[in-house]
Amino acid sequence: MDSYEGTATLEWWANRSTCLGRLRVQVAVRTAGDTWTSEATLESPLAAEDRESFD
């Protein structure tokens, strides 16, 4: 497999029972020889207040 593109869910967990946040992202993973690259972008823009929490 040389690449993968699709959707994923990015989650932050404080412990096994408390999820602090969940965001849908578009991911792209690619390889060229021994080098792997990846990137993720949010599916939808965040509101200003949500962006402050995310940062």
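Our subject is the structure listed above.
Remember, it's a predicted structure, so these values are computed and weren't measured experimentally. (Residues numbered from 1 in each chain as written. Predicted model: local features only at pLDDT ≥ 70, side-chain atom pairs only at ≥ 80, totals over all residues. Heavy atoms only, no water.)

(A) Fine view of the sheet that holds strand S3 (residues 35–42). If you walk across this open sheet you meet the three strands as S1-S2-S3, and the pairing is antiparallel. For this open sheet the edge positions go to strand S1 (3–15) and S3, each flanked by a neighbour on one side alone. Sheet twist, expressed as the average angle between the axes of neighbouring strands with direction ignored, equals 35°. (Pairing = 2+ DSSP bridges. Helix = DSSP H or I, 4+ residues; strand = E, 2+ residues; numbered from the N terminus. Axes fitted to C-alpha atoms, helices over the stretch in contact; angles between N-to-C directions.)

(B) Examining the layout of surface pockets more closely. Looking at the largest pocket, its volume works out to about 160 Å³. Forming the boundary of the largest pocket are Trp12, Leu20, Gly21, Arg22, Leu23, Leu46, Asp50, Ser53 and Phe54. With four residues, strand S2 (residues 18–32) is the single largest residue contributor to the lining of the largest pocket. (1 Å grid on protein atoms, 1.4 Å probe; cavity = no way out; pocket = protein on both sides within 12 Å on 5 of 7 lines; lining within 4 Å. Points joined across faces, edges and corners; volume = space filled by probe spheres on them.)

(C) Expanded view of a nonpolar patch on the surface. A cluster of nonpolar side chains, namely Leu10, Trp12, Leu20 and Phe54, defines an oily patch on the protein surface of about 380 Å² accessible area. Following the sequence through the fold, Phe54 ends up in helix H1 (residues 48–54). Exposure remark for Phe54: the relative accessible area of 32% places this residue in the partly exposed category. (Patch = residues over 30% accessible without salt bridge, like charges linked within 9 Å, V, L, I, M, F, W, Y side chains within 5 Å. Areas by Shrake-Rupley, 256 points an atom, 1.4 Å probe, with all protein chains shown as cover. Salt bridge = Lys/Arg side-chain N within 4 Å of Asp/Glu carboxyl O. Buried < 20%, exposed > 50% of the residue type's maximum accessible area, 1.4 Å probe, protein only.)

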